[in-house]
Amino acid sequence: MTAPRHPPPASSTRAARAFEELYEAEFDVVMAYFARRTSDPQTAADLTSDTFVAAITSFATFDRAKGTARGWVLGIARRVFAQHCESVTRGRHVVARIRGRRALGGDEIADLVVRIDAERAGRELIAAMASLAATDREVIELVDLVGMAPKDAAKVLGMSSGALRLRLFRARGKVRALADGGQ
């Protein structure tokens, strides 16, 4: 005899719907974030997937009063990318790539190649800014490429809004100087 099925609690259904809305609204932003950091479609897809797996497992901790959904999910993406870089640096990526990875189909790869190509200008900007401090590059990316409000970008980066605005002003000046020097 099987146990009677009970519908999920209303709060669970609302949470699932809220996460689905977040996923649909922020998927392209997260994919673009990784497309600016890699030219490999499989890596971009894997990192995007890892980000949303981490997001869904910690969704109950998300507090809209503390910031936007975009800021929250990009904070997760930053951590996922940092972990990825650490893993690659240590050489563990070979084992991880072989184990448990679903190969992308031809259509999926073609779609990701288009997305990655669309972020070429963003990758070129990030490469051109290599002489800037890492935080300055992230400030410009979040505000100027992703389109986040400075206060939300400050939360993602763990700094005050005032500190972010000052960094943004200085970093933009350095980028202008780089652009003027390159002409």
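So, a few notes on the structure that sits alongside this text. (Residues numbered from 1 in each chain as written. Predicted model: local features only at pLDDT ≥ 70, side-chain atom pairs only at ≥ 80, totals over all residues. Heavy atoms only, no water.)

1. A few points about the overall build of the chain
Reasoning step 1: From N to C terminus, the chain includes nine helices and zero strands.
Reasoning step 2: Start at the N end of the chain and walk to the C end: the helices and strands fall as α-α-α-α-α-α-α-α-α.
Reasoning step 3: Taking all 183 residues of the chain together, 34% fall into the buried category.
Reasoning step 4: In the chain, 68% of the contacts between residues at least 6 apart in sequence involve partners at least 24 apart. (Helix = DSSP H or I, 4+ residues; strand = E, 2+ residues; numbered from the N terminus. Buried < 20%, exposed > 50% of the residue type's maximum accessible area, 1.4 Å probe, protein only. Contact = heavy atoms within 4.5 Å.)

2. A few points about the environment of Ala 16
Reasoning step 1: One can find Ala 16 in helix α1 (residues 10-35).
Reasoning step 2: Take Ala 16: its relative accessible area is 48%, and that puts it in the partly exposed class.

3. A few points about the side chain of Glu 138
Reasoning step 1: Looking at the secondary structure, you find Glu 138 in helix α7 (residues 134-145).
Reasoning step 2: Judged by its relative accessible area of 18%, Glu 138 is buried.
Reasoning step 3: Among the polar contacts listed, one links the side chain of Glu 138 to the side chain of Arg 78, at a separation of 2.6 Å.
Reasoning step 4: With residues near it in sequence (within four places) discarded, Glu 138 still touches Arg 78 and Leu 157. (Polar contact = N/O pair within 3.5 Å; in protein donor to acceptor, adjacent residues only side chain to side chain.)

4. A short note on the packing of helix α2 (residues 41-57) against helix α5 (residues 106-118)
Reasoning step 1: It is at 9 Å that the axes of α2 and α5 come closest, and there the two elements cross at 90 degrees. Relative to α5, the element α2 is oriented roughly perpendicular. Residue-level inspection shows Pro 41, Ala 44 and Ala 45 of α2 in contact with α5, the latter providing Ile 109, Leu 112, Val 113 and Ile 116.
Reasoning step 2: Here the contact of α2 with α5 is built from residues that sort into seven nonpolar, no polar and no charged. (Axes fitted to C-alpha atoms, helices over the stretch in contact; angles between N-to-C directions. Parallel < 35°, antiparallel > 145°, perpendicular 65-115°, else oblique. Nonpolar A, V, L, I, M, F, W, Y, C, P; charged D, E, K, R; others polar.)

5. Focus: the environment of Glu 108
Reasoning step 1: Within the element layout of this structure, Glu 108 appears in helix α5.
Reasoning step 2: With 63 residues separating them along the chain, Glu 108 and Ala 45 place their C-alpha atoms 9.3 Å apart.

6. Concerning the packing of aromatic side chains
Reasoning step 1: Taken as a whole and judged by the stated rule, the model has nine aromatic pairs.
Reasoning step 2: Ring centres of Phe 19 and Phe 59 lie 5.4 Å apart, and the angle between their planes is 80 degrees; on these two criteria the pair is classed as edge-to-face. One end of the pair, Phe 19, is in helix α1; the other, Phe 59, is in the loop between α2 and α3 (69-90), and 40 residues separate them in sequence.
Reasoning step 3: For Phe 19, a relative accessible area of 10% corresponds to the buried category.
Reasoning step 4: Through pairs of rings, three or more aromatic residues link up here, namely Phe 19, Phe 59, Phe 62 and Trp 72.
Reasoning step 5: Across the ring face of Tyr 33, the terminal group of Arg 37 is positioned such that the distance to the ring centre comes to 3.7 Å.
Reasoning step 6: Its guanidinium or amino end placed over the ring of Phe 81, Arg 37 lies 5.7 Å from that ring's centre, counting from NZ or CZ. (Phe/Tyr/Trp six-rings, centres within 6.5 Å; stacked < 30°, edge-to-face > 60°. Lys NZ or Arg CZ within 6 Å of the ring centre and 35° of its normal.)

7. Observations concerning α2
Reasoning step 1: The terminal C-alpha atoms of α2 lie 24 Å apart, and with 17 residues this matches the ideal 24 Å at 1.5 Å per residue to within 8%.
Reasoning step 2: For α2, the full list of buried residues reads Pro 41, Gln 42, Thr 43, Ala 44, Ala 45, Leu 47, Thr 48, Thr 51, Phe 52 and Ala 55. (Expected span 1.5 Å × (residues − 1).)

8. Considering the side chain of Glu 26
Reasoning step 1: Positionally, Glu 26 belongs in helix α1.
Reasoning step 2: For Glu 26, a relative accessible area of 8% gives the class buried.
Reasoning step 3: With residues up to four places along the chain from it excluded, the contact list for Glu 26 reads Phe 52, Arg 70 and Val 73.

9. Considering the pattern of salt bridges
Pairing between side chains of opposite charge can happen when the charged atoms of each approach one another.
Reasoning step 1: This structure, assessed with the given rule, holds seven salt bridges.
Reasoning step 2: The salt bridge partner of Glu 138 is Arg 78, with a shortest N-O separation of 2.6 Å. Residue Glu 138 is located in helix α7, and its partner Arg 78 is located in helix α3; the two are separated by 60 residues in the primary sequence.
Reasoning step 3: Judged by relative accessible area, which is 26%, Arg 78 ranks as partly exposed.
Reasoning step 4: When the shortest N-O distance is used, the salt bridge between Asp 144 and Arg 172 registers 2.5 Å. With Asp 144 in helix α7 and Arg 172 in helix α9 (residues 161-182), this residue pair connects regions lying 28 residues apart in the sequence.
Reasoning step 5: Exposure remark for Asp 144: the relative accessible area of 39% places this residue in the partly exposed category.
Reasoning step 6: Beyond isolated ion pairs, a larger network of salt bridges with shared partners links Arg 36, Arg 37 and Glu 141. (Salt bridge = Lys/Arg side-chain N within 4 Å of Asp/Glu carboxyl O.)

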